[in-house]
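Per-entry structural report
Here are the chains, one letter per residue:
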There are 2 protein chains.
Amino acid sequence: MEIPGVVIARLPLYAQALEALAQKGEEVVSSQRLGEALGITPAQIRKDLSYFGRFGKQGRGYNVAGLLGSIRQILGLDRQWRMALVGVGRLGRAILSYEGFAPQGFHIVHAFDVDPEVVGRKFESLVVRHVRELEETLAQEPVDIGVVAVPPEAAQEVIDRLVRAGVRAILNYAPMTPRVPPGVQVRRIDPVVLLETMTYYLKGQEGVRFLQGRDPLFLR
Amino acid sequence: MEIPGVVIARLPLYAQALEALAQKGEEVVSSQRLGEALGITPAQIRKDLSYFGRFGKQGRGYNVAGLLGSIRQILGLDRQWRMALVGVGRLGRAILSYEGFAPQGFHIVHAFDVDPEVVGRKFESLVVRHVRELEETLAQEPVDIGVVAVPPEAAQEVIDRLVRAGVRAILNYAPMTPRVPPGVQVRRIDPVVLLETMTYYLKGQEGVRFLQGRDPLFLR
DNA sequence: GGGGATTTGTGCTATTTATAACATTTTTTG
DNA sequence: CAAAAAATGTTATAAATAGCACAAATCCCC
């Protein structure tokens with residue numbers, strides 16, 4: 001059975017919310033309450049989970065730790081994942097120093113760049129190698145995921161090389177859409193694209209602030 | 001007529017691809033070619049654009065610069081947008097120094113934090129203010145968008161304050177799902193969540209690398 | 001320990017989203 | 001200049017996604 005991608009995309013959100021609940025010491029949660037925390041209907045959550053099994057107890061709900069464990073296993077988070085970063089400019093260095101990866105089992109084990117100013121230098125105890133050594137390095141010490149933080153003009157070539165080196169998942173910080181063979185996963189991190197989807201809704205609401213909180217009669 | 005959110009979400013991708021084409025000196029593009037660049041069917045693109053008008057010419061395609069201009073106008077990118085950053089830790093500083101915002105008309109004009117080590121310091125020619133001055137500052141010099149880069153435990157309160165201060169769009173870098181009143185736009189930037197949607201597909205393919213390129217008979 | 005209150009998992013229905021197909025227009029070619 | 005090729009905009013169709021509603025199970029209270 002092929003599980004819809006939208007369902008998979010929601011699982012990490014469930015996991016994130018469950019972690020917060022566990023932190024707060026909650027032992028049980030209903031689809032109702034989980035849905036309220038995430039802005040998702042309870043039916044949606046139950047349906048999503050039913051693709052993978054039966055995790056709840058009628059009349060009670062879901063055991064927080066238990067469901068979290070199950071979702072983590074479904075997502076493959078019960079192991080560590082190795083990543084290679086390409087592009088160690090400002091953005092790349094910020095990615096290298098991001099503390100959020102390791103606690104979830106994601107580790108950057110290689111860093112590549114072409115800039116002679118950067119190659120050979122050490123960031124976060126990782127020596128930057130020249131991109132020309134990419135294939136060789138990954139043959140010796142493979143990774144599961146490639147993280148791309150190079151200028152958009154260079155991104156396609158970098159991604160091609162990662163894929164040829166056996167990488168089957170790309171986290172793409174470059175503001176472009178790469179072409180990859182089927183079976184290779186790509187996810188985009190592009191704050192500007194997200195901002196642009198919000199401005200559409202902001203546009204033409206300039207008057208709202210002014211009107212806000214006024215006597216409703218003023219509107220007529 | 002209410003335009004589907006998925007359609008709005010694709011417009012920035014069209015704009016991005018059109019910018020690349022314009023850069024390359026292309027003057028005209030068909031839905032076919034644009035779709036190939038983005039991994040989207042030509043029918044999808046034509047349908048999306050038809051929500052907003054008729055931009056193409058039968059037998060020819062779309063004028064690259066013209067369509068780009070139209071999409072930018074639809075998205076409200078024909079003006080500048082002011083943003084306030086809350087949280088000037090490692091991540092916040094990386095956001096402050098990100099060069100990708102300004103060229104698209106997005107400008108961080110305020111930065112807030114609570115850490116006395118950071119408040120008062122200058123980053124990218126912006127003096128960090130204490131969060132307690134948030135409401136007052138935004139009353140004096142309003143912004144359109146709030147950018148949140150605080151720890152997840154603090155994010156809900158920060159977002160509440162931004163919303164109360166009149167901000168109607170939030171770019172959320174904190175790994176949590178905030179509750180906001182209707183009409184407030186929220187977009188999430190969470191690399192870990194994206195990584196976790198990929199590991200699902202990677203999981204259980206450990207053998208693929210080994211099998212790749214081998215005699216197909218080996219698979220039986 | 002019985003009855004009302006909860007809450008799951010799921011079949012069914014509605015809604016949303018994507019694709020296909022085609023008439024129409026424009027361009028290009030011989 | 002006529003015919004073939006190319007490409008749009010749109011209507012119709014198909015596929016995917018979400019929500020409803022309810023039987024069944026469990027819990028909790030008196």
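As shown above, the structure is provided for reference.
In short, a report on the structure.

What counts, and at which threshold
- Residues numbered from 1 in each chain as written.
- Chains lettered and ligands numbered in written order.
- Predicted model: local features only at pLDDT ≥ 70, side-chain atom pairs only at ≥ 80, totals over all residues.
- Heavy atoms only, no water.
- Buried < 20%, exposed > 50% of the residue type's maximum accessible area, 1.4 Å probe, protein only.
- Helix = DSSP H or I, 4+ residues; strand = E, 2+ residues; numbered from the N terminus.
- Arc of directions from axis to C-beta.
- Contact = heavy atoms within 4.5 Å.
- Pairing = 2+ DSSP bridges.
- Axes fitted to C-alpha atoms, helices over the stretch in contact; angles between N-to-C directions.
- Parallel < 35°, antiparallel > 145°, perpendicular 65-115°, else oblique.
- Left-handed = near helix turned anticlockwise from the far one by under 90°.
- Nonpolar A, V, L, I, M, F, W, Y, C, P; charged D, E, K, R; others polar.
- Least-squares fit on C-alpha atoms with pLDDT ≥ 70 in both.
- Near = heavy atom within 4 Å.
- Polar contact = N/O pair within 3.5 Å; in protein donor to acceptor, adjacent residues only side chain to side chain.

1. Things to note about helix H2 (residues 31-38) of chain A
Residues and elements named next belong to chain A.
- Buried within H2 we find Ser31, Leu34, Gly35 and Leu38. Buried positions in H2, seen along its axis, are confined to an arc of 100 degrees and lie on one side of it.
- In the core, the buried residues of H2 are packed alongside helix H1 (5-23), strand S1 (28-29), helix H3 (42-50) and strand S3 (61-63).
- Looking at the residues trailing H2, positive phi occurs at Gly39, about 70 degrees.

2. Considering the sheet that holds strand S9 (residues 169-172) of chain B
- Pairing is mixed in the open sheet, where 7 strands are placed in the order S6-S7-S5-S4-S8-S9-S10 (chain B). With partners counted over all chains shown, the strands left at the sheet margins are strand S6 (122-123) and strand S10 (185-188) of chain B, one partner each.
- One ladder, built from 3 bridges, connects strand S5 (residues 106-113) of chain B with strand S7 (residues 126-130) of chain B; its direction is parallel. In the sheet register, Ala111 of chain B faces S7 of chain B, and the bridge partner there is Val128 of chain B.
- Across the sheet, helix H8 (residues 191-202) of chain A is in contact with strand S4 (81-86), S5, strand S8 (145-148), S9 and S10 of chain B; its angle to S10 of chain B comes to roughly 170 degrees.
- Each of S4, S8 and S9 of chain B is contacted by helix H7 (residues 152-164) of chain B, which is oriented at about 165 degrees to S8 of chain B, the strand it contacts most.

3. A closer look at the packing of H8 of chain A against helix H1 (residues 5-23) of chain B
- The contact between H8 of chain A and H1 of chain B brings their axes to 9 Å, and the two run at 125 degrees. Between H8 of chain A and H1 of chain B, the angle falls in the class oblique. Between H8 of chain A and H1 of chain B lies a crossing whose hand is right-handed. For the pair H8 of chain A and H1 of chain B, contact is made by Val193, Glu196, Thr197, Tyr200 and Tyr201 of chain A and by Gly5, Ile8, Ala9, Pro12, Leu13 and Gln16 of chain B, respectively.
- Residue classes in the contact of H8 of chain A with H1 of chain B are distributed as 7 nonpolar, 3 polar and 1 charged.

4. Here's the deal with the relation of the copies chain A and chain B
- With an RMSD of 0.0 Å, the operation that places chain A on chain B is a rotation of 180 degrees combined with a shift of 0.0 Å along the axis. A rotation of that kind, with that shift, is consistent with a two-fold axis. Considering only C-alpha atoms, the residue of chain A closest to the rotation axis is Ala94 of chain A, which sits at 3.0 Å.
- In this assembly, 100% of the residues forming the interface of chain A have copies in chain B that are likewise at the interface, indicating an isologous arrangement.

5. Some details on the protein's contact with DNA strand C
- Around DNA strand C, a shell composed of 25 residues is seen, among which Ser31, Arg46, Gln58 and Tyr62 of chain A together with Gln58 of chain B lie nearest.
- The protein-proximal atoms of DNA strand C, defined as those within 4 Å of the protein, are 67% sugar or phosphate.
- At 2.9 Å, a backbone N or O of Gly56 of chain A approaches a phosphate oxygen of DNA strand C.
- Here a phosphate oxygen of DNA strand C sits 3.1 Å away from a polar atom, N or O, in the side chain of Thr41 of chain B.
- For the surface near DNA strand C, the secondary-structure elements that each account for two or more residues are H3, strand S2 (56-57) and S3 of chain A together with H1 and helix H3 (42-50) of chain B.

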